[in-house]
Amino acid sequence: MTWIEPADTATALLLLGRGSDPASERGVDCPGELPAPSDPDLVARATAAKAALGDRVFVLGHHYQRDEVIQFADVTGDSFKLAQQAAARPDAEFIVFCGVHFMAESADILTKPEQKVILPDLAAGCSMADMAVLGQVQTAWEHFEDLGITAPTRGGKPQNKTIGNEIVPVTYMNSSADIKGFVGRNKGVVCTSSNAKRALTWSFEQGSKVFFLPDQHLGRNTAVLEMGFDLEDCVLYDPHKPNGGLTDEQLRNARMILWRGHCSVHGRFTIDSVREVRERVPGVNVLVHPECRHEVVQAADQVGSTEYIIKALDAAPAGSAWAVGTELNLVRRMALAHPDKQIMFLDRTVCYCSTMNRIDLPHLVWALEELAAGRVPNQITVDEDTAHHARIALDQMLALP
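As a starting point, this report considers the structure included with it. Model, not experiment: these values are computed from the prediction. Every chain's residues receive numbers from 1 upward, in the order its sequence appears when written. Residues qualify for local features only when their pLDDT is at least 70, as the model is predicted, and side-chain atom pairs are given and counted only at 80 or more; totals for whole chains, interfaces and linings, by contrast, use all residues. By convention in this description, side-chain values take in all heavy atoms of the structure and omit both hydrogens and water.

Describing the packing of aromatic side chains
Working definition: a ring pair exists when centres of Phe, Tyr or Trp rings (six-membered ring for Trp) sit within 6.5 Å. Plane angles under 30 degrees give stacked, over 60 give edge-to-face, the rest tilted. Inspection of every chain in the model, using the stated rule, returns nine aromatic pairs. Ring geometry for Trp-141 versus Phe-144: centroids 6.1 Å apart, planes at 70°, classification edge-to-face. Taken together, the positions of Trp-141 and Phe-144, both in helix 7 (residues 134-147) and three residues apart, correspond to about one turn of that helix. Exposure classes here rest on a 1.4 Å probe applied to the protein chains alone. A residue is buried below 20% of its type maximum, exposed above 50%, and partly exposed in between. Trp-141 gets classed as buried once you look at its relative accessible area, which sits at 4%. Judged by its relative accessible area of 0%, Phe-144 falls in the buried class. Considering the side-chain rings of Tyr-237 and Trp-259, the 5.6 Å spacing of their centres and the 20° angle between planes classify their relative orientation as stacked. Remark: Trp-259 occurs in strand 9 (residues 256-259) and Tyr-237 occurs in strand 8 (residues 234-237); sequence separation between them is 22 residues. Taking the relative accessible area as the measure of exposure, Tyr-237 reaches 5% and is therefore buried. Of the residues examined, Trp-259 reaches a relative accessible area of 0% and is grouped as buried. Taken together, the aromatic side chains of Trp-141, Phe-144, Phe-182, Phe-211, Tyr-237 and Trp-259 make up a single cluster linked through ring pairs. Between the NZ or CZ atom of Arg-255 and the centre of the ring of Phe-204, over which it lies, the distance is 5.5 Å. For helices the rule is a DSSP run of H or I covering at least 4 residues; for strands it is a run of E covering at least 2, with both sets numbered from the N terminus onward. Note on geometry: a ring has a charge over it if NZ (lysine) or CZ (arginine) is within 6 Å of the ring centre and within 35 degrees of the ring normal.

Here you go:
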């Protein structure tokens, strides 16, 4: 038996779903009395509660969700598609978002004020989004101002015209509403994994540098592999080190300042994973998400967003073999949907998105039954000022050529 020291107890309880982390984007633990996972009537209860709510409820299911939850989704998709779908249902009183916290925030930003966005488990978060905290990002931005490499937003200090660099902030969709609001306030843009190149192209038309949050791998892979940048054009800003662990010269010379963040699922794939599957399965096609490490993306046959991966596997010829570097729920679902193709997980070690998987059938049943009883559980709300500026950054993304 492993002894847990007292200092580790809070973390251990959080991982078990019994604790809270108020300082995190993940939120806090579920306040309700959950049905037991072993309850044989869970499917019937979810079906009955959803039927009782009728058109008042609209259930969204992310591609990485469990099958037991996906079966009740009215629409499935990636994070931005689901937020758009929520906005396209203005008559739905309740939006039940089976995803993670930042996704529900985006839905709240894009839906009407009277609509209520529900996250079945408030502790369903995103480790990548947690890696970019607003205070840390603001500290970095103020350092850029002090260096004179961006137009100032405080103190009236003039920009250093001899350098002539203005940084445009770009944040991945997988970020908190606070970070999207920061980007909107500073004339930046939100991007997705499928339109990151377009967002960066637009950004470099506005300024000579990009400050990319929070996923270093998507930023680096897009700049180097799609836009022809050198690796030396990119520097990594570590918020836990003084001045990000970078010299003033490095910051002045960089074209891409990447935040030190990553996806805990996609970041686990290695070049050894690619080599091993190629040796084991002759002729295999390696298909990975751009959140994977740079060397993994370089070694892959195809790279693309979640939607791209789904379309590529749908269109693949019968008998072809595919090793897919993304979340396991999706890979397994695609393998079951295409029994005529050999679709496997890129790494032999099973890896689910642990926080996404907190949205299980008991949490969904609890949320739907609470709504049917006239109580609104786990509502996600973004304050008006943050939502306003986040919407500016999102609208700029939608306006990209």
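What about the pairing of strand 1 (residues 57-62)?
Counting buried positions along strand 1 gives six out of six residues, so the element sits mostly inside the fold. Burial of strand 1 is two-sided: the residues Val-57, Val-59 and Gly-61 facing one way and the residues Phe-58, Leu-60 and His-62 facing the other way are all buried. We call two strands paired when DSSP finds no fewer than two bridges between them. Inspection of the sheet shows strand 1 paired to strand 3 (residues 94-98) by five bridges, in the parallel sense. Looking at strand 3, one finds that Val-57 is bridged to Phe-94. The pairing of strand 1 with strand 2 (residues 75-77) spans three bridges and is classified as parallel. When the bridges of strand 2 are listed, Gly-61 appears paired with Thr-76.

Some details on the sheet that holds strand 14 (residues 379-380)
A sheet is described by the order of its strands in space; here five strands give the open sequence 2-1-3-4-14, paired in mixed fashion. A single partner strand is all that each edge strand has here, and the edge strands are strand 2 and strand 14. Pairing analysis gives three bridges linking strand 3 to strand 4 (residues 116-118), with the strands arranged parallel. Residue pairing across strands places Phe-94 opposite Lys-116, the latter belonging to strand 4. In what follows, a contact means two residues having at least one pair of non-hydrogen atoms within 4.5 Å. Axis definition: a line fitted to C-alpha atoms, over the contacting stretch in the case of helices. Angles run 0 to 180 degrees between N-to-C directions. Across the sheet, helix 16 (residues 361-372) is in contact with strand 1, strand 3 and strand 4; its angle to strand 3 comes to roughly 175°.

Observations concerning the packing of helix 7 against helix 8 (residues 177-185)
Following both chains from N to C, one finds helix 7 and helix 8 inclined at 25°, their axes separated by 9 Å at the closest point. Judged on the interaxial angle alone, helix 8 and helix 7 are roughly parallel. Across the interface between the two elements, Leu-134, Val-137, Gln-138 and Trp-141 from helix 7 touch Asp-178, Ile-179 and Phe-182 from helix 8. Ten residue types, Ala, Val, Leu, Ile, Met, Phe, Trp, Tyr, Cys and Pro, are classed as nonpolar, four, Asp, Glu, Lys and Arg, as charged, and the remainder, Gly among them, as polar. Classifying every residue of the contact of helix 7 with helix 8 gives five nonpolar, one polar and one charged. Working definition: roughly parallel below 35 degrees, roughly antiparallel above 145 degrees, roughly perpendicular at 65 to 115 degrees, and oblique for all remaining angles.

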